[in-house]
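A look at the structure
The chain contents come next:
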Amino acid sequence: MKKNVLKRVLPVMMMTSAALGMTACGSQSQTAAAPAAASADATTAAATETTTAAIAEAATTAATSAAAETKAPVQTKPLVVYLNDFDAVIPDLFKKATGYDVEVVVGNGAETMSRIEAEKSNPQWDVVWIDSMYDVYNLSKDDCLVTGWEPANAANLTDFSKALIPDNKCMAPTDIHAAGVIVYRNDVYTEADAPKTYAELADEKYKDQVGMADPGVAAPAYPLAAYFMDDLGLDAGKEYFSKMFDLGLKVYPKNPQVVAALASGEISIAILQESNAYDMVSSGEPISIIWPEAGAPGSTRVAAISKSTQQEDIAKIFVNFLLDPETQQQLVNTGDEGYFEPSVNGVTLKAERAANAKLAVADEEFGAENEADIKAWFADMSAQ
Amino acid sequence: MKFKKNTADHVILLILMILVLLPLAAVLFQIVCPGLQAKKFNLKNMLLLGDVFVRPLWKRAFLDSLFLSVGTTVLGLILAAFLAHIRVSYDFAGAKLLDIASWILMIVPSFILAQGWVYFSSGNGIASSWLGMKGISSFVFSYWGLVTVMVLCKYPMAYVAIKAAMEWYPARLISAARMNGASSFQAWKSVQLPLCIPAYCSAAMLIFMDTVGDYGMSSTITAVYSFPTLPYTIYSAICSSPARFDMAGVLSVYLMIMIVLAMFIQFKAMGKGRYDFLDNGTEKVMQKKVKPVQAAFLSIVAGAFMVLSLGIPIGSNLIMSFSDSISIRRFQFTFENYKSVFAAGSSLKSGILHSLSLALISAFFGIIVGFCVAYVLTYSKTRLKKAIDMTTLIAMAVPGVVLGIGYIFVWNQKWLGYVGLHLYGKPAILVLASVASAIPLINRVLVGGMAKVPESLLIAAEIQGAGFWERIRTVLLPLLHNSTVSATLAAFGGSVFNLAITTILYPPNYSTLPVFISDSYNDLKFGIAAAATIVGAVFIIGIMLLLELLLNIKVIREKAEKSGKAVKQGLRTSHPAENI
């Protein structure tokens, strides 16, 4: 009889589950008005709220003149932005600049992407703004993003950042930070003894001393792994990390845990995300930072708009706002999250940041295509 | 009447299905249908189930969880039984400390206890830097160290269950055994000990399930120190990119297999015997008076245990809340962390308010559902009993992160918006998920209480003409007063700090206390995390004391009146079931 009960209950549950979310991003009906590509060109100037205007008209207005005359979209509900940093400041900055409200959902990169994935049948976000470029690019392949649109402020992107915009223009880079500079405890190693290149980290003399964040969990750690795999080639890249694992490489879930391990002396050397490294130095920990001459793997923060958003105009205004030099300057000045290389010209970097800081990133296609395999490989290697 | 009873059983099962099974099924179904997208449906994906013995991470996580849970269950049961024995059997000044420590540990979430242990044991922590105990770090972050920390966090539910069983002495049955020639030991072995089997089995299951499904401890200690467990690996599968819900489903299956096996062992151990022994032949165990030296020794043991289990993690949080550095080695006293917590722009205040309101609502609904579930499990003859029991156990073991993702799939359907039930992105979904998480604990506490109230008492009341609600109101509720208060408080405390659920499901701009603490900790703002913990704990303990007072106010009045009458009449009242 018990079996009968289960027999009756389970199929109902299975069928109900199957019925849930049968649709994904690509099959969403596009409820938002489809503005012309240049709609958000109106953005920086669009400080005055008026009734919704034809997008082409707004674009023309913005390109030519004063904000007061620009017709801006009317907001009926706050713009929902999924992000992993700057949650404390960005709503106020945007509100002050444009009068529009933003609600943020903050989580680490993986939590945010997971939430987006789980919501695929009915997305609740309008803009995603995280340092997971390859993940966001993959969303465009699933037809989840607005594509073919470039913000007006993209004209001011640095050459490095311009090269990061993919052909389908699904996302805009807002900043790049080093996913992993080399840091070492200077009470354990002298400058002469310390490693200066990533290759040296696979040296026997640093056995059991090196740590890094998990590419599967920490948003900046995947670009780091992807860079080596792309730069050295997939096999040679795996060989490099295998050697490090053989020598006792310790993988921690996120960068702050790498910091904790460094501070406690559990490890003496790490490949560490740059703001965490500078935070350690500023809090008085005995840490030195090495920026390798060949460049440090960079993690690119990008902003992209959900294809299902009902506020596409305001979303575009938001993305364009992120590419404003003034906005990026304010983000640099926020404090501990402000260690990054802005994506646009005309922004003054943090004084403490090394003048010779050079960044390098893996190819988008390579990073996006190999993401699942590289992360699974890393997870298994670190468990052995 | 039968129709009504059957309907009630079905309604309860339906509620549990909506709260627990449906979200879980939504995740499990991902194994064959990733993302619940019809185009991805493929039965061959079932082969993933075999990967647990192939993929190094999965294999390791499975074995780590198994060994950690078994080790914690065995040692936790021994510890709980020992503490319950000395608490019930001997009269000594520090006895209450054991109860206090257990209740606080039951309410404080494992991630906060784990954070405390990290502050204490890490290489630059309190033990090493201030106490010169260099070996603590390597011990705590080893298998036996993790088992020790787990035991100290997880024993309380077992302690409460065993203590409740040991408080009553089946005097009439023992006398019968002795009159039939049994020695004192034989009577204990053949009567008293077997009657405790349900309590020991239940205690072991509570520890095992709480350990095997624990996410807070896993995410804070075990994952960081290269000891991956299933809950954390499930979290990594879900919160990885690309998200692997199918992998999370596979690992959840193995988690459930472990629980089903544990239930099977419990079922075999209990057999088909009857264990309701509370009647007018039952006496409350009288605590033995011991010599002052022995009493002092027992008090010292209780005090030392309280320091070890509660003092270290909570004390470490307190110390860290005044530290201006993440390293205790560089400790400098500061109030800055508390200032940050109370700063105008701090989201902690709204976080505390949100968490408290959620917990109050969850405790209210949780106790109603939990009471109904416990009643059905104890007194109903329904065929659905096993399914209901199994569902409550599954709810306890399924990691909150799995439940949370399942809730997104279930409650983020477009069509729900048309009927006003699109709860995802609203605080209501946190209430539902918190009720689902609270039910197992409420249920265990109430079932434990109800198991000792024979159905004959209710039947007697029915024969006297009492209707169903009157029987509940005049017989069951008074007898279960203490259990109900305990269950409500435990549900309230547990809901306030429900980290996994709130991390996954919190609505935009809706801060909660556990997320604030966990985020601060993960951002290495140890001082702020610790200060928020202390501030939050003070608020919550205050509210719980108030709740307890309110819930007990009638009893306190009655006791006062009774004792007044007793003094006047020179009589002593005794009602063995009063203190259940």
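Residues numbered from 1 in each chain as written. Chains lettered and ligands numbered in written order. Predicted model: local features only at pLDDT ≥ 70, side-chain atom pairs only at ≥ 80, totals over all residues. Heavy atoms only, no water.

1. Description of the overall build of chain B
- Per the secondary structure count, chain B includes 25 helices and 4 strands.
- Relative to the 2.2 N^0.38 estimate, which gives 25 Å for 580 residues, the radius of gyration of chain B is 25 Å and therefore close to what a compact globule would have.
- The principal-axis extent of the C-alpha atoms belonging to chain B is close to 70 × 60 × 50 Å.
- A separation of at least 24 residues holds for 77% of the contacts in chain B among residues at least 6 apart in sequence.
- Carbon together with sulfur atoms contributes 68% to the accessible area of chain B, which is approximately 24900 Å² in total.
- Put simply, chain B has 47 plus and 24 minus side-chain charges, and the middle of one group is 3 Å from the middle of the other. (Helix = DSSP H or I, 4+ residues; strand = E, 2+ residues; numbered from the N terminus. Rg over C-alpha atoms; globule rule 2.2 N^0.38 Å. Contact = heavy atoms within 4.5 Å. Areas by Shrake-Rupley, 256 points an atom, 1.4 Å probe, with all protein chains shown as cover. Lys, Arg positive; Asp, Glu negative; His and termini not counted. Charge placed at Lys NZ, Arg CZ, Asp CG, Glu CD.)

2. Re the overall build of chain A
- Counting secondary structure elements, chain A contains 14 helices and 12 strands.
- Expressed as a percentage of the 384 residues in chain A, the buried residues total 61%.
- Look at the contacts in chain A between residues 6 or more apart in sequence, and 71% of them connect residues 24 or more apart.
- Carbon and sulfur atoms make up 51% of the accessible area of chain A, which amounts to about 14200 Å² in all. (Buried < 20%, exposed > 50% of the residue type's maximum accessible area, 1.4 Å probe, protein only.)

3. Some remarks on helix H5 (residues 133-141) of chain A
Residues and elements named next belong to chain A.
- Counting buried positions along H5 gives 7 out of 9 residues, so the element sits mostly inside the fold.
- Of the positions making up H5, those classed as buried are Met-133, Tyr-134, Asp-135, Val-136, Tyr-137, Leu-139 and Ser-140.
- Once H5 finishes, Asp-143 follows within two positions and takes phi at roughly 65°, a positive value.

4. Regarding the domain arrangement of chain B
All names here are of chain B.
- Partitioning chain B into structural domains gives domain 1 (1-32 + 350-507) and domain 2 (54-310).
- One C-alpha centre belongs to domain 1, the other to domain 2, and the line joining them spans 23 Å.
- Contacts between domain 1 and domain 2 engage 28 residues on the former and 34 residues on the latter.
- Of the roughly 2800 Å² buried at the junction of domain 1 and domain 2 (both faces included), carbon and sulfur atoms supply 84%.
- By the criterion of area lost to domain 2, the three top residues of domain 1 are Met-396, Lys-452 and Phe-497, representing 21% of everything that side buries. (Domains from an automatic or database assignment. Buried area = accessible area lost by both parts, 1.4 Å probe.)

5. A closer look at the domain arrangement of chain A
All names here are of chain A.
- Along its sequence, chain A is carved into domain 1 (2-70), domain 2 (79-176 + 300-351) and domain 3 (181-297 + 377-383).
- A C-alpha centroid distance of 27 Å is found between domain 2 and domain 3.
- At the interface, 10 residues of domain 2 touch 12 residues of domain 3.
- Contact with domain 3 buries surface across domain 2, with Asp-131, Tyr-134 and Tyr-339 losing the most and accounting together for 56% of the total.
- There are 0 salt bridges connecting domain 2 and domain 3.
- Its residues placed into classes, the side of domain 2 that touches domain 3 shows 4 nonpolar, 4 polar and 2 charged. (Salt bridge = Lys/Arg side-chain N within 4 Å of Asp/Glu carboxyl O. Nonpolar A, V, L, I, M, F, W, Y, C, P; charged D, E, K, R; others polar.)

6. Quick notes on the confidence of the model for chain A
Residues and elements named next belong to chain A.
- Looking at chain A as a whole, the pLDDT averages 82, with 81% of positions reaching at least 70.
- When the elements of chain A are averaged for pLDDT, helix H2 (residues 55-64) gives the smallest value, 41, and helix H11 (residues 312-322) the largest, 97.
- In this model, residues 1-24 is a region of pLDDT below 50 whose contacts with residues beyond four sequence positions or in other chains number 38 contacts.
- The low-confidence segment residues 26-69 (pLDDT under 50) makes 82 contacts with residues lying over four places distant or belonging to another chain. (pLDDT = per-residue confidence, 0-100.)

7. Considerations on the pairing of strand E4 (residues 172-178) of chain A
Residues and elements named next belong to chain A.
- Buried residues dominate E4, accounting for 7 of its 7 residues.
- When E4 meets strand E10 (residues 296-305), the two strands line up antiparallel, connected through 6 bridges. Of the residues in E10, the one forming a bridge with Pro-173 is Val-302.
- Both E4 and strand E11 (residues 341-342) contribute to a ladder of 2 bridges, which runs antiparallel. (Pairing = 2+ DSSP bridges.)

8. Considering the interface of chain B and chain A
- Counting residues at the interface gives 57 residues for chain B, matched by 63 residues for chain A.
- Together chain B and chain A conceal approximately 5000 Å² of surface at their shared face, both sides included; 57% is due to carbon and sulfur atoms.
- The largest per-residue losses of area from chain B upon contact with chain A belong to Ser-241, Lys-414 and Tyr-506 of chain B, which jointly make up 11% of the total buried on that side.
- For the pair chain B and chain A, the interface holds 2 salt bridges.
- At the surface where chain B touches chain A, the tally comes to 15 residue pairs in polar contact (both at pLDDT 80 or more).
- Put simply, the parts of the chain that give the side of chain B that touches chain A at least two residues each are helix H1 (2-28), helix H2 (56-89), helix H11 (230-238), helix H16 (385-397), helix H17 (400-411) and helix H23 (499-505) of chain B.
- For the side of chain B that touches chain A, the leading source of residues is H1 of chain B, giving 5 residues.
- Each residue belonging to the side of chain B that touches chain A can be placed in one class, and the counts come to 34 nonpolar, 14 polar and 9 charged. (Polar contact = N/O pair within 3.5 Å; in protein donor to acceptor, adjacent residues only side chain to side chain.)

9. Some remarks on the state of the cysteines
- Evaluated as defined, the whole model comprises 0 disulfides over all chains.
- Counting only cysteine sulfurs, Cys-144 of chain A is the nearest neighbor of Cys-170 of chain A, a cysteine outside any disulfide, at a range of 11 Å. (Disulfide = S-S within 2.5 Å.)

10. Considerations on the pattern of salt bridges
Residues and elements named next belong to chain A.
- By the definition in use, this model includes 27 salt bridges over all chains.
- Of the charged contacts, one joins Lys-95 and Asp-101 as a salt bridge, the two residues approaching to 2.9 Å between their closest N and O atoms.
- For Lys-95, a relative accessible area of 38% translates into the label partly exposed.
- If you follow the salt bridges from partner to partner, you end up with Asp-85, Asp-175 and Arg-301 in one network.

11. Structural notes on the environment of Ala-461 of chain B
Residues and elements named next belong to chain B.
- On the secondary structure map, Ala-461 appears in helix H20 (residues 455-463).
- Each C-alpha atom of the pair Ala-461 and Ser-175 lies 28 Å from the other, and the pair is 286 residues apart in sequence.
- Apart from the residues within four sequence positions on either side, Ala-461 is in contact with Ala-466, Arg-471 and Val-475.

12. Focus on unusual backbone geometry
All names here are of chain A.
- Located in the positive-phi region is Phe-86, a residue other than glycine, with phi close to 60°.
- By the secondary structure assignment, Phe-86 is in the loop between strand E1 (79-83) and helix H3 (90-98).
- With relative accessibility at 0%, the residue Phe-86 sits in the buried group.
- A positive phi angle, near 65°, is found at Asp-208, a position not held by glycine.
- Within the secondary structure, Asp-208 is located in the loop between strand E5 (181-185) and strand E6 (210-213).

13. A few points about a nonpolar patch on the surface
Residues and elements named next belong to chain B.
- Nonpolar side chains collect at one region of the surface, where Val-70, Val-74, Leu-75, Ile-78, Phe-139 and Trp-144 lie side by side and expose about 570 Å² of accessible area between them.
- Looking at the nonpolar patch, the element that brings in the most residues is H2, giving 4 residues.
- Structurally, the position occupied by Leu-75 is in helix H2.
- Accessibility expressed as a relative area gives 38% for Leu-75, which makes it partly exposed. (Patch = residues over 30% accessible without salt bridge, like charges linked within 9 Å, V, L, I, M, F, W, Y side chains within 5 Å.)

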